[in-house]
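# Residue-level structure breakdown
Next come the chains, spelled out residue by residue.
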Amino acid sequence: MHKSKKKQPVKKKPEVIVISDDSGDSGEEIPDDRNAGPEPDDAMSEDPAADDGDEAEDADESFENELPSDDLLQLHAELPLTDLSVLRQVVERNRAAVKKVVAALDDGSGGDDLRIARDLVEGLRGVLPDPPYDFLLTADPEDADLWALIARAFSVKATDPIEILAEIAASAKWVPDLPTFPGQVEAIEAACERVRGKGFLLTRLRPMMNELVEEGAFARWPAMRAANRKNVPKHADWGQIRTLTQKWVAALMEHQKKNVLGTTYPDQLAVMAADPSLADDRSMDRLADMIYCQNRDRVCVAVLRKGRDLAVFANNGTATMGVSVARLLEMSRLPAERQNAAVEELAKTMYTTSSKADGEYVKIHRRLVKTLAYLKELEQKHGRLRVRAYANQDKEVEGVHAEMLAATVAETTGSDALGISKACCLQCYLTLTKGLPDRFTRPLATHQNAYPGTPGALISDPEVLIRLLDLDAQPPHLPGDAAARLKTAIRSGPISAAVGAFIGFQTKGAETGYLSSEEEGDLPEVDADDVAYTNYLSREEALQKTKRPAAAPPAATPQKKLKTAVTVPKPVHK
């Protein structure tokens with residue numbers, strides 16, 4: 001943009017604004033195989049800090065011939081910060097530039113303002129104290145510009161130190177307190193009581209935190225239940241309906257494998273891996289995988305996202321799942337050097353062989369780096385992520401597949417962004433694609449095997465069961481009146497017989513050790529399905545911004561004035 005047509009002297013862009021955001025992706029080569037999929041033509045950059053190749057069109061292009069303003073350059077020259085105590089003076093000296101920086105972070109539309117803003121935030125994060133952030137409890141709240149900048153370093157939009165602290169605590173509300181990973185909420189509340197007194201905790205901080213928790217997309221969800229598959233109440237034709245459903249399911253599965261799914265499982269994954277429009281779905285799948293890799297007893301992990309809210313589910317091993325997500329989020333917020341060290345440390349716990357010559361270790365390392373870059377990008381777009389991890393306390397529900405649990409919550413919350421750490425079994429695939437055809441728009445992978453398991457209550461909905469069994473298929477999967485009989489039974493008779501027959505079906509040769517609630521024993525060391533899926537997640541595509549039609553930047557989230565800032569409700573007990 002030029003103010004005059006007069007020829008201006010050519011200025012070189014100062015190097016001070018060329019900001020490295022290297023998060024340390026591994027550059028080792030991995031032998032190609034047919035499961036990894038072809039590389040998109042437009043994913044060739046080697047910027048390891050961005051996601052895996054489907055970001056908005058590079059907004060910086062329009063700024064190529066434009067220099068940042070002098071005040072921004074002056075602010076950038078204040079880096080690196082030595083400690084937090086100098087920040088107030090930095091803000092005093094550069095107040096107009098600080099306002100620009102905060103606006104750029106909230107707008108997120110790119111350009112040199114945003115580059116400098118993100119570099120400043122990274123520098124600020126490097127000097128922020130560790131939890132429980134006592135300084136927020138004793139700080140003078142008067143300088144709105146100062147607190148707006150500090151808030152952005154925590155990925156929140158509050159302008160008051162107590163509200164910043166409440167936002168931080170609310171984002172970790174569902175993370176359990178463990179000896180190996182102390183809970184942030186417990187530490188913050190203990191600090192608040194020590195510094196400001198119990199009354200302040202009960203009447204100000206905790207109500208403010210709980211109010212923010214209640215605003216979350218996944219603050220409330222339905223009770224997780226297993227579907228009834230017993231003949232209760234008693235039906236005289238229960239056995240007949242079960243046998244008929246078993247025959248129908250066998251025909252349905254054969255039809256799916258031969259006429260619908262068609263391609264082999266690795267070929268299907270290769271197509272998904274090569275599609276640049278599915279980059280966010282791949283990132284969600286990788287996130288689920290990195291949660292699974294921290295505890296493989298979980299068998300399969302599913303993640304839902306709606307805006308800044310994440311919900312996480314697993315077949316088993318859910319008690320510490322919130323900690324696994326919180327660990328990844330904490331790592332994503334670290335400055336580059338500390339993050340690189342944390343990546344090496346966590347990768348070694350996920351895969352004991354840490355040799356760079358070991359292809360599997362390299363793949364896990366790559367997936368971890370990409371996942372941290374994705375979480376960082378989400379927080380830049382949406383603000384500090386709030387996480388709720390499903391913790392099963394009902395023996396009857398144990399082993400319900402993660403996808404079924406996620407779909408149950410998605411139906412009540414409206415979430416349609418789904419990530420899965422493994423390919424779906426045929427039962428879950430049919431439930432999510434045919435039973436709930438409008439819930440998830442993304443393609444899902446299935447290894448085309450069916451295993452007996454515990455049915456989620458979701459398939460007890462008669463219309464969902466009718467759709468996933470494809471009872472309106474033409475021609476029908478069985479001759480005669482089989483479809484009509486099954487519809488009648490499902491709507492007004494022994495639906496539990498149909499549920500049990502569907503969830504209890506097992507395809508021939510489906511003995512890969514995929515654990516369900518009814519299968520015991522150790523998982524095999526090498527599972528062909530797992531290998532294909534991890535190759536899909538580990539493909540050696542660049543972590544980069546690539547070209548696609550430009551989208552409007554997300555609207556800035558207005559900062560709502562918390563009711564608890566002016567009212568004192570009754571204490572809310574955790």
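Residues numbered from 1 in each chain as written. Predicted model: local features only at pLDDT ≥ 70, side-chain atom pairs only at ≥ 80, totals over all residues. Heavy atoms only, no water.

A few words on the packing of aromatic side chains. Applying the stated criterion across every chain, the model contains 5 aromatic pairs. Relative to Trp147, the ring of Phe135 lies with its centre 6.5 Å away and its plane at 20 degrees, an arrangement referred to as stacked. Within this pair, whereas Phe135 is found in helix 5 (residues 135-138), its partner Trp147 is found in helix 6 (residues 144-153), the two being separated by 12 residues in sequence. As far as the burial class goes, Phe135 and Trp147 line up, both buried. Ring geometry for Phe313 versus Tyr390: centroids 6.1 Å apart, planes at 35 degrees, classification tilted. Of this pair, Phe313 sits in strand 2 (residues 309-314) while Tyr390 is found in the loop between strand 3 (386-389) and helix 16 (402-413), placing the two residues 77 residues apart along the sequence. Each member of the pair, Phe313 as well as Tyr390, is classed as buried. (Phe/Tyr/Trp six-rings, centres within 6.5 Å; stacked < 30°, edge-to-face > 60°. Helix = DSSP H or I, 4+ residues; strand = E, 2+ residues; numbered from the N terminus. Buried < 20%, exposed > 50% of the residue type's maximum accessible area, 1.4 Å probe, protein only.)

Time to look at the environment of Leu73. For Leu73, the position within the fold is in helix 1 (residues 70-76). Here Leu73 falls in the buried class, since its relative accessible area comes to 18%.

Here the focus is the pattern of salt bridges. Counted by the stated rule, this structure contains 27 salt bridges. Taking the shortest distance from any N to any O, the salt bridge between Asp309 and Arg386 comes out at 2.9 Å. One end of the pair, Asp309, is in strand 2; the other, Arg386, is in strand 3, with 77 residues separating them in the sequence. The same class applies to Asp309 as to Arg386, namely buried. Across the salt bridge formed by Lys434 and Asp470, the nearest N and O atoms sit 3.7 Å from each other. Taken together, the positions of Lys434 in helix 17 (residues 426-435) and Asp470 in the loop between helix 18 (462-468) and helix 19 (482-492) put the pair 36 residues apart, joining distant regions of the chain. Ionic contacts of the salt-bridge type, sharing partners, join the residues Glu92, Arg95, Lys99, Asp143 and Asp145 into one network. (Salt bridge = Lys/Arg side-chain N within 4 Å of Asp/Glu carboxyl O.)

This part covers the sheet that holds strand 2. Here we have 4 strands laid out as an open sheet, ordered 3-2-1-4, and mixed in their pairing. Of all strands in the sheet, those with a lone pairing partner are strand 3 and strand 4 (417-420), marking the two edges. Taken pair by pair, the neighbouring strands of this sheet meet at an average axis angle of 20 degrees, ignoring direction. The sheet contact formed by strand 1 (residues 301-306) and strand 4 spans 4 bridges and is antiparallel. Each bridged residue has a counterpart across the sheet, and for Ala302 the counterpart in strand 4 is Ile420. Contacting strand 1, strand 2 and strand 4, helix 16 runs over the sheet at an angle of about 15 degrees to strand 1. (Pairing = 2+ DSSP bridges. Axes fitted to C-alpha atoms, helices over the stretch in contact; angles between N-to-C directions. Contact = heavy atoms within 4.5 Å.)

Tallied over the entire structure, the rule returns 0 disulfides. With no disulfide of its own, Cys425 lies closest to Cys428 among cysteine sulfurs, the gap being 3.8 Å. Residue classification places Cys425 among the buried positions, given a relative accessible area of 1%. (Disulfide = S-S within 2.5 Å.)

This paragraph deals with unusual backbone geometry. Of the consecutive residues Pro131 and Pro132, the connecting peptide bond is found in the cis state with omega at 15 degrees. Mapped onto the secondary structure, Pro132 falls in the loop between helix 4 (112-125) and helix 5. The step from Val232 to Pro233 runs through a cis peptide bond, and the omega angle for that step is -5 degrees. One non-glycine residue, Tyr133, lies in positive phi territory at about 60 degrees. Here Tyr133 lies in the loop between helix 4 and helix 5. On the accessibility criterion, Tyr133 (9% relative accessible area) is buried.

Below, the discussion takes up helix 13 (residues 321-332). Between the first and last C-alpha of helix 13 there are 17 Å, a value that for 12 residues agrees with the 16 Å anticipated at 1.5 Å per step. Of all the 12 residues making up helix 13, 10 are buried; the element is thus mostly covered by neighbouring parts of the structure. Buried residues along helix 13 sit in contact with helix 12 (279-293), strand 2, helix 14 (336-350), helix 15 (359-382) and strand 3. (Expected span 1.5 Å × (residues − 1).)

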